[in-house]
Structures are given as structure tokens and as C-alpha cells.
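Listed here are the chains, written in short residue letters.
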Amino acid sequence: MKPLVRHHGRVLAPHRVIDLDVAKFFDSVRHDLVVTAVAAHCPQAWVLLYVRRWLAAPLAGPDGTLSARDRGTPQGSAVSPVLANLFLHYAFDMWMTRTFPGVTFERYADNAVVDCTSQAQACTIGAAIEDRMVEVGLRLHPDKTRIVYCQDSNRRGSFELTSFTFLGFTFRARKARNKHGVCFTSFLPAISTDALWKISRTVRFWRLHRRFTFAELARMINPIIRGWLQYYGAFYRSALHRLLRRINAYLVRWIRKKYRRLRGFKKAKACWDGISHQYPNLFAHWRYARDFWPPAMTGAG
């Protein structure tokens with residue numbers, strides 16, 4: 001999320017954020033406006049012909065029946081995200097830049113957040129965005145579109161909504177420490193509970209105990225773990241520690257199942273300590289967490 005200002009070297013979050021969600025975007029977007037957006041970048045007749053065919057392709061039901069569509073983009077198609085971003089570039093991004101030139105915002109597909117300096121500004125901009133969506137044939141989700149108060153050490157008081165989730169990160173008040181070691185409360189992102197739960201399910205379905213060697217395990221899971229660390233570890237990496245320890249717990253379980261002489265916990269732990277210290281870079285996450293505990297998962301978002 002883009003900071004609005006700096007104060008004494010510290011990045012400050014906006015006072016309010018409008019957390020936007022377009023209701024049923026991929027089912028509701030107008031075909032004519034999508035084609036117009038594509039034509040602004042690629043006016044070739046054959047390209048526009050294929051885009052119209054993609055958009056107008058009938059929807060197949062579970063029983064095989066076909067339903068004609070006059071709006072929406074084909075779900076699951078590789079072209080849908082491209083068409084959606086082209087459409088919203090003009091329907092939202094360019095409109096925001098013209099209408100509210102001093103306001104920053106972030107958007108990915110049909111989800112967006114708008115940074116505001118006050119409740120009054122958030123209400124004004126939110127109402128304008130709602131009218132704009134109606135103008136282009138869409139509407140904001142009444143329950144998922146909210147104004148969130150970005151509470152930190154400098155902003156006190158009781159407010160109903162003080163967190164939001166965007167791109168797998170939950171933004172809320174969190175403990176932070178400045179360069180002098182002084183703790184304070186800042187409004188920061190960290191991996192969301194939903195993202196953490198999905199990753200946890202992925203780890204559980206790896207079935208690590210069926211692999212044959214530690215080297216094979218490392219080759220299989222390291223690229224995936226690196227991706228998680230690079231993305232979710234970019235902010236507040238400590239929120240990932242419980243997940244990383246869970247992965248280690250599964251690896252210890254593998255040791256105990258693989259080697260009969262290491263079935264006892266103390267012997268398995270001694271083996272683990274020896275391997276993790278002798279080969280500290282064997283697994284991508286060991287530079288951040290080499291300890292473990294039994295895999296009981298709770299959210300950190």
C-alpha cells in the first residue's frame with residue numbers, strides 16, 4: 001500500500017481507506033464497453049472479432065444445456081483477467097485520476113482500495129465511485145464495500161471497522177519498533193488468515209511422509225516455499241513463523257516414520273537438530289525458522 005506522507009522519517013498510513021468490491025464483476029461487465037477498451041489499444045479487426053466471440057460464447061450448464069450471454073466474461077478463461085483489467089483501466093483508474101487527481105488508490109482486477117484523509121472525503125469519494133459503477137453497468141457490493149479507519153499510535157478512539165484485506169494481506173494495527181528500539185502501534189499488512197489457511201491446507205496435502213529422502217523433499221517444496229516467502233514475507237514476516245514451524249513439524253514426522261530407530265521423540269529431535277545445523281540452507285525457510293512444534297494451526301491475519 002502506498003504511504004501518503006512521512007512524519008519524522010516514519011511512514012504514515014492514510015486516515016481512512018475505502019475497501020471496494022465490485023459485485024459479480026465477471027458476470028456483469030458490459031460487452032460493448034469491454035470491446036471499446038480493447039479497441040483503444042488493439043484496433044485490428046480480427047482481434048476485436050475474437051474478443052467478441054469470447055465474450056458472447058454461450059455458457060454450458062451442468063446438464064449440457066447452453067445459455068446465451070449478453071454480458072460478463074468467460075469464467076476461467078485466460079483472456080478474462082486481461083479484458084477485466086483493460087476495462088477497469090478506463091472505467092475506474094483513468095476516471096479516478098481525472099475526477100480525484102490528488103487521491104491515491106490501488107487496484108487489482110475487481111478489488112481496489114482508495115486512500116482518504118478523512119471520513120468526509122471517504123464518504124464523498126465512495127458515493128462518486130458508486131455512481132460511476134452504475135454508469136458503466138456495474139454496482140458495488142453493499143456488504144463488502146466499506147470505509148476502514150486506519151488506527152495507529154497517533155489515531156485513537158473506538159471505530160467499528162479497523163482492518164481490511166487486500167491481495168492476501170490483512171491491514172490492521174500491529175506492534176512495530178522504530179530504529180531506536182521504541183515500540184509503537186502502526187497500521188501494517190501481514191498475511192491474512194484466509195491465505196494462511198489455504199497454504200496450511202496445501203502443506204497438509206503434500207503428504208510428505210511418502211517421499212524418500214530429505215533431498216527429494218527439499219527439491220519438491222523449496223520453490224513453493226520461496227514463492228510464499230517472497231510474497232507474504234515482504235511485510236511482517238513474523239506472521240509466517242507459525243506456518244514455517246508447521247512445515248518443520250511435518251518434516252520431523254517424516255523422520256520418525258522413515259526410520260524405526262528414530263521413532264522416539266527425543267531421538268528424532270536430536271537427528272533434526274543435527275541436520276538443520278549441519279545443512280542450514282537445505283530448506284528455503286530454515287534461515288527464518290528451524291524450530292518446530294506439533295502442527296496445530298491458528299490464523300495470524
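Cut-off values and rules
All residue numbers refer to position in the chain's written sequence, counted from 1. Only residues with pLDDT of at least 70 are given local features in this predicted model, and only at 80 or more are side-chain atom pairs given and counted; all residues enter the totals for whole chains, interfaces and linings. Where side-chain values are given, they derive from all heavy atoms of the structure, hydrogens and water being excluded. Here a cavity denotes grid points, spaced 1 Å and computed from the protein atoms alone, that fit a 1.4 Å probe unable to get out, and a pocket denotes an open set having protein on both sides within 12 Å along at least 5 of 7 lines; residues with an atom within 4 Å of a point are the lining. Grid points are joined across faces, edges and corners, and a volume is the space filled by probe spheres set on the points. Only runs of H or I of at least four residues qualify as helices and only runs of E of at least two qualify as strands under DSSP, and these elements are numbered from the N terminus. Residue classes follow a fixed rule: Ala, Val, Leu, Ile, Met, Phe, Trp, Tyr, Cys and Pro count as nonpolar, while Asp, Glu, Lys and Arg count as charged, and any other residue, Gly among them, counts as polar. Only strands that DSSP links by at least two bridges are regarded as paired with each other. Axis geometry follows a simple rule: fit a line to the C-alpha atoms, using only the stretch in contact for helices, then measure angles between N-to-C directions, giving values from 0 to 180 degrees. Each crossing gets its hand from how the near helix is turned against the far one by less than a right angle, where anticlockwise is left-handed and clockwise is right-handed. Throughout, a contact is declared for two residues whenever any of their heavy atoms are within 4.5 Å. To count as a disulfide, a pair of cysteine sulfur atoms needs to be within 2.5 Å. Note on exposure labels: buried denotes an accessible area under 20% of the residue type's maximum, exposed denotes more than 50%, and partly exposed covers the range between, all computed with a 1.4 Å probe on protein chains only.

Draft legend 1. Quick peek at empty space enclosed by the protein. Applying the stated criterion across every chain, the model contains one cavity of 30 Å³ or more. Counted as a void, the largest cavity has a volume near 70 Å³. What lines the largest cavity is simply Leu20, Val22, Leu88, Phe92, Arg107, Ala109, Asp110, Asn111, Ala112, Ile129, Met133 and Leu140. Listed by contribution, the elements that provide at least two residues to the lining of the largest cavity are α4 (79–99), β7 (111–116) and α5 (119–135). Split by residue class, the lining of the largest cavity holds nine nonpolar, one polar and two charged.

Draft legend 2. Main features of the sheet that holds strand β9 (residues 164–166). Ordered in space as β9-β10-β11, the three strands form an open sheet in which the pairing is antiparallel. Unpaired on one side and paired on the other, β9 and β11 (183–191) mark the two borders of the sheet. Strand-to-strand, the axes of this sheet are offset by a mean angle of 50 degrees, without reference to chain direction.

Draft legend 3. Structural context of the packing of helix α8 (residues 241–258) against helix α9 (residues 265–278). At a minimum axis separation of 10 Å, α8 and α9 run at an interaxial angle of 115 degrees. Regarding α8 and α9, the two cross each other, and that crossing is right-handed. Of α9, the residues touching α8 (which contributes Asn248, Leu251, Val252, Ile255 and Arg256) are Phe265, Ala268, Cys271 and Trp272. Taken together, the residues of the contact of α8 with α9 sort by class into seven nonpolar, one polar and one charged.

Draft legend 4. Structural context of the state of the cysteines. Here the structure, examined in full by the defined rule, presents zero disulfides. Between Cys150, a free cysteine, and Cys116, which holds the nearest cysteine sulfur, the sulfur-to-sulfur gap is 9.1 Å. Here Cys150 falls in the buried class, since its relative accessible area comes to 0%.

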